[in-house]
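An overview of the molecular structure
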Amino acid sequence: MTSYLLRRLLYAVPLLWGILTLVFFIMHAAPGDPSAMYLLNPNVSQEVVEQIRSNWGLDEPLAVQYWSWLVNFASGDFGLSLAQQRPISAILADRIPNTLLLSGTALVLIFLIGIALGVIQAVRQYSTLDNVLTFGALLIYSMPTFWLGLMLILIFAHLSYQIDGWPELLRFPASGTTSIQYDMLGFFGKLGDRIHHLILPAFALGVGSAASVARYTRSSMLEVIRQDYIRTARAKGVPGHRVIMKHALRNAMLPIITLLGLYLPFLLSGSVLVEYVFAWPGMGDTIIKAILQRDYPLVMATSFVFAVMVVIGNLLADVLYAVVDPRIRYE
Amino acid sequence: MRRALKLVALVACVTACIDAGDRSRENDDAPVPEELRFGGTAVVGFLAEASSMNEFASNDINSDELQSYVLFTTLVRYDEDLQLVPYLAESWETTSDGEQRTLTFHLRHAVKWHDGAPTTAYDVAFTFDRIKALGRLFPRAASFSNYDSAVVQDSFTVTFFLKPHPGFLDPWSFTSPMPQHILGDVPLAELQQDPFGSVSPVGNGPFRFVEHRPGDRWVFEATTDFPEALGGRPYVDRLVYRIIPEPTTMLAELMSGELDVYLGVAPSQVEQVESSPTARVLRYETRIYAFINWNARRPLFADPAVRRALTLGIDRERLVEAVRYGMGEVAYSPLPPYHWAHNSQLQPLPYDPDSARALLDAAGWVDSDGDGVRERDGDRASFELITNSNPVREDVLEIVASDLATVGVEVIPRVLEAQTLGATITGSDRDFDAFVLGWGPQFEQNDRRIFGCATPEGLFHWAGYCNPRVDELLDRVASLEDRAQALPLWFEYQEIIQRDQPYTFLYYETRAIGIKNRLRAVEMDVRGTLINVNDWWIEPGSRRQIAASRSP
């Protein structure tokens, strides 16, 4: 297992290098360069723009720029964000935890809600509940994340405050990770405040995928519960819920785990939009701004982090395979 | 369903709202005693991050405003009539000796850095020396190009040597001294990246720095011993600057009361804020004007008569109504109305499609093949009008296109991402026909870089406009310190621009700010959004509580 993991991680190196090289050249092919953020500013003169271009090495040939980036990057130096004039390592340290918190929560929500609904639907196949849930799942699955986020804000963070008698529990903040009074709250107050801020964005980010997990779980469960060993278990008198939860669910989980690897990149790209809508100071917000400002070093570093997360997500899915299915062994 | 909810909200509000509205009006008159105004947290929502509190590095308007009005103190300030008045500098005097001038500032003695050290002339000289040493790496280097050197006379007196030029005090209205005892040892090459900017700024202004969470918020706290002479301790205890990029989210936060101020309400949202019982809209004139730049290097735009025809063919009154919801005035001069030399005797060219057609006919642009678009010598009167992705400007493109179609000119609207637009219009080959953009100059305007003849061309010479008389006028106003002498020259300059129409000026932008009724005494004008942040106060009864109800 260990050697398998090592091998996989080694394979990831050329993969990451390839991705980053591609990103590097695509970014440089886009019109404009980082000095452009000074370009349309009436208070900045032309000499300043030229000086800044040469200071940032933007007048060097592309190959030279690529090489110097590669050397720095390989030695672990992400460099300085040109737009923020801060070390990129400090920016990442600020932002990564926020994104992990949001995507992590969404991921948990996706699988908890998705699997639970899928199981219920499979057990009660063709019932009214099944039909309603199927309809709801398709409806939610078809909503774009961005739009869903805005709708959630309009209903739960806007309308909810204007209607008297709206349950206090269903009023949410529209943006940010914590409220203004956060520092003055006690420990549980802080925890509650954070959860309160997390609910809408995590829901917006995760609910679409939860709907599809529910669909997958349903069909996978349906397949499994028709098999002979389930009938045997029932026949020897194992209680119904034990049959489902223990005997059937574990086997039905195999295809679902593949989804874990598939959803991680999806979550990260979705978080770009959700973070923007909910003013969530995470990686998505950073990468969008970096691209718009042509902040090359920051684009490279954020792309790197995203790529690494995707590689790890896939690896995680493969490892979980082995955990769930004893027949799978990695050597 | 949503409609029904809205209706319920509306009905519920009709009674409550009238109530609240009346009360707030009464309160404006009923004085709240001075001592009860202190306290509370004011939260201001911005659409974009303030990049840094390090003046040597920052370049965005939000950082500038926080530096000048919140964290630091400038030497001088503009008052509401745009006259320079003392601020950190108690007084100043000048002496002149031909080509050399001295400017001596006497600083107030009582202003302290927030770590306790006094603010002295050494800080001013240090700041100036670093700006000079950074040279062109300092974004606003041009402001100090006529300044030569600084000498500290004593702890609170500093003298500058400079070449005489109009508006020589202006740079000190947006440049705050930085603390020498903190930044003095930082090597020049690291000055712009110093953690001072984002992690640990120390100021001397009405508010001290508490916390910065990048992309999320800046938190400031009132300086309790801020000198009375500079306005004294601010009324609010804390000032929080929150960054929320999406306008819909911003609106929701204002309505629910998480925000007290929403800076930059989108024109389409103004009505919603206005109809709210708990918030109001403050409108103020900004420095920004929107314009169409015609690329005079193209045959269609080379003739001033054609550019004039194009201006006459656009219904700018309607445009301001439609895209800005009336928030703006039809523009006609590169010096906006707030400018002391604004020529108000000029009138904007009217909307007059018949004259536009006649002018185009006379210039030889005639629709001979009957396809609705004019031609001349095989060139069609058809062009691409570009702008950056911004909902308001995209609407401008559509309206201009439909107006000009009626005078036989075809407009192909195209939206580009901002940096792509920037690269296209400033590129040396100037490969574009026309574009729409906004421009917000400083108070001391230098229009040579826009409308001057130039070889080689500068970045902003996008119009390709050249008129020797304009050059002469702009050169002379740049050296005339006596405004009475400069005024007729500025007037003539504006008349020529009006005649030649290198730009079609669209509108002077009025900005809308959403403010919670509980936050009082907020004023904003052409100088900016935080000009009287010291005087803001919050109604004692409606300050933020540490609300247990906010946790689920």
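Fair warning: this is a prediction, and the values are worked out from it, not measured in the lab.

**Concerning the overall build of chain A**
- Counting secondary structure elements, chain A contains 11 helices and zero strands.
- Considered along the principal axes of its C-alpha atoms, chain A spans approximately 85 × 60 × 40 Å.
- For chain A, the proportion of its 331 residues judged to be buried stands at 50%.
- Look at the contacts in chain A between residues 6 or more apart in sequence, and 71% of them connect residues 24 or more apart.
- Split by element, the accessible area of chain A, about 15600 Å² in all, is 69% carbon and sulfur.

**Regarding the pattern of salt bridges**
Residues and elements named next belong to chain B.
- Per the counting criterion, the structure on display carries 38 salt bridges over all chains.
- Linking Arg448 and Asp471 is a salt bridge whose minimum nitrogen-to-oxygen distance equals 3.1 Å. Of this pair, Arg448 sits in helix α13 (residues 448-451) while Asp471 sits in helix α14 (residues 468-477); the two residues are 23 residues apart in sequence, bridging distant segments of the chain.
- Overall, the relative accessible area of 25% leaves Arg448 in the partly exposed class.
- We note a salt bridge from Arg448 to Asp475, for which the minimum N-O separation is 2.7 Å. Pair noted here: Arg448 is in helix α13 and Asp475 is in helix α14, with a separation of 27 residues, a long-range link.
- By relative accessible area, Asp475 is classed as partly exposed at 39%.

**A short note on a nonpolar patch on the surface**
Residues and elements named next belong to chain A.
- A surface patch of nonpolar side chains, about 530 Å² in accessible area, is lined by Phe187, Phe188, Leu191, Ile195 and Ile199.
- Residue placement: Ile199 occurs in helix α7 (residues 187-225).
- The exposure class of Ile199 is partly exposed, given its relative accessible area of 33%.

**Topic: the side chain of Ser63 of chain B**
Residues and elements named next belong to chain B.
- As for its placement among the helices and strands, Ser63 is situated in helix α2 (residues 61-71).
- There is a polar contact of 2.7 Å between the side chain of Ser63 and the side chain of Asp60.
- Apart from the residues within four sequence positions on either side, Ser63 is in contact with Ala50, Ser51, Ser52, Met53 and Ser58.

**Quick notes on the domain arrangement of chain A**
Residues and elements named next belong to chain A.
- Assigned domains of chain A: these are domain 1 (2-74) and domain 2 (95-324).
- In this structure, domain 1 and domain 2 have C-alpha centres spaced 33 Å apart.
- Between domain 1 and domain 2, the residue contacts involve 22 residues of the former and 16 residues of the latter.
- With both chains or domains summed, domain 1 and domain 2 bury close to 1700 Å², and 80% of this area falls on carbon and sulfur atoms.
- When the buried area of domain 1 at its contact with domain 2 is split by residue, Arg8, Leu16 and Met27 rank highest and sum to 31% of it.

**Regarding a negative patch on the surface**
Residue and element names in this part refer to chain B.
- A surface patch of like charges, here negative, comprises Glu80, Asp81, Glu523 and Asp535.
- Position of Asp81 among the secondary structure elements: in the loop between β2 (76-78) and β3 (84-86).
- For Asp81, a relative accessible area of 57% gives the class exposed.

**Here's the deal with the sheet that holds strand β4 (residues 89-97) of chain B**
Residue and element names in this part refer to chain B.
- Across the sheet, four strands lie side by side as β4-β5-β7-β6; this open sheet has antiparallel pairing. Among the strands making up the open sheet, the edge pair consists of β4 and β6 (147-154). Along the sheet, successive strands turn relative to each other by an average axial angle of 20°, direction set aside.
- As paired strands, β4 and strand β5 (residues 100-107) are joined by eight bridges and run antiparallel to one another. In the sheet register, Thr95 faces β5, and the bridge partner there is Thr102.

**Looking at the packing of aromatic side chains**
Residues and elements named next belong to chain B.
- The tally for this structure, following the rule as stated, stands at 50 aromatic pairs over all chains.
- Put simply, the rings of Tyr289, Phe291, Phe432, Phe435, Trp439, Phe451, Phe460, Trp462, Tyr465, Tyr503 and Phe505 pair up and form one aromatic cluster.
- The ring of Tyr87 carries the charged tip of Arg77 above its face, separated from the ring centre by 3.8 Å.
- The ring centre of Phe443 lies 3.9 Å from the NZ or CZ of Arg287, which sits over that ring.

**Topic: the packing of helix α4 (residues 88-123) of chain A against helix α11 (residues 296-324) of chain A**
All names here are of chain A.
- Across the interface, α4 lies against α11 with an axial gap of 11 Å and an inter-helix angle of 40°. Classified by the interaxial angle, the pair formed by α4 and α11 is oblique. The element α4 and its partner α11 pack so that their crossing is right-handed. Between α4 and α11, the contacting residues are Ile88, Ile91, Leu92, Ile96 and Leu100 on the first element and Pro297, Leu298, Ala301, Thr302, Val305 and Met309 on the second.
- Partitioned by chemical class, the residues of the contact of α4 with α11 number 10 nonpolar, one polar and no charged.

**Side note on the confidence of the model for chain B**
All names here are of chain B.
- Residue-level pLDDT values for chain B average 90, and 93% of them are 70 or greater.
- Across chain B, helix α8 (residues 304-312) holds the top mean pLDDT of 97, while helix α1 (residues 2-29) sits lowest at 41.
- Confidence drops under a pLDDT of 50 for residues 1-27, and excluding neighbours within four residues, the segment shows 13 contacts in the predicted structure.
- If you check the scores for this complex, the pTM reads 0.88 and the ipTM reads 0.86.

**Considerations on helix α10 (residues 353-362) of chain B**
All names here are of chain B.
- Turning to α10, its buried residues are Pro353, Ala356 and Leu360. Projected down its long axis, α10 shows its buried positions confined to an angular sector of 55°, all on one face. In α10, the exposed positions that point more than 90 degrees away from the buried face belong to Asp354 and Ala362.
- Contacts from the buried residues of α10 go to α8.
- Gly364 occupies a position one or two residues after α10 and carries a positive phi of about 95°.

**Description of the side chain of Ser176 of chain B**
Residues and elements named next belong to chain B.
- Tracing the backbone shows Ser176 in the loop between β7 (157-162) and α4 (180-183).
- The exposure class of Ser176 is buried, given its relative accessible area of 0%.
- With near-sequence residues (within four places) excluded, Ser176 lies in contact with Glu55, Gln67, Ser68, Phe72, Thr73, Thr74 and Thr127.

Scoring rules and cut-offs
- Residues numbered from 1 in each chain as written.
- Chains lettered and ligands numbered in written order.
- Predicted model: local features only at pLDDT ≥ 70, side-chain atom pairs only at ≥ 80, totals over all residues.
- Heavy atoms only, no water.
- Helix = DSSP H or I, 4+ residues; strand = E, 2+ residues; numbered from the N terminus.
- Buried < 20%, exposed > 50% of the residue type's maximum accessible area, 1.4 Å probe, protein only.
- Contact = heavy atoms within 4.5 Å.
- Areas by Shrake-Rupley, 256 points an atom, 1.4 Å probe, with all protein chains shown as cover.
- Salt bridge = Lys/Arg side-chain N within 4 Å of Asp/Glu carboxyl O.
- Patch = residues over 30% accessible without salt bridge, like charges linked within 9 Å, V, L, I, M, F, W, Y side chains within 5 Å.
- Polar contact = N/O pair within 3.5 Å; in protein donor to acceptor, adjacent residues only side chain to side chain.
- Domains from an automatic or database assignment.
- Buried area = accessible area lost by both parts, 1.4 Å probe.
- Lys, Arg positive; Asp, Glu negative; His and termini not counted.
- Charge placed at Lys NZ, Arg CZ, Asp CG, Glu CD.
- Pairing = 2+ DSSP bridges.
- Axes fitted to C-alpha atoms, helices over the stretch in contact; angles between N-to-C directions.
- Phe/Tyr/Trp six-rings, centres within 6.5 Å; stacked < 30°, edge-to-face > 60°.
- Lys NZ or Arg CZ within 6 Å of the ring centre and 35° of its normal.
- Parallel < 35°, antiparallel > 145°, perpendicular 65-115°, else oblique.
- Left-handed = near helix turned anticlockwise from the far one by under 90°.
- Nonpolar A, V, L, I, M, F, W, Y, C, P; charged D, E, K, R; others polar.
- pLDDT = per-residue confidence, 0-100.
- Arc of directions from axis to C-beta.

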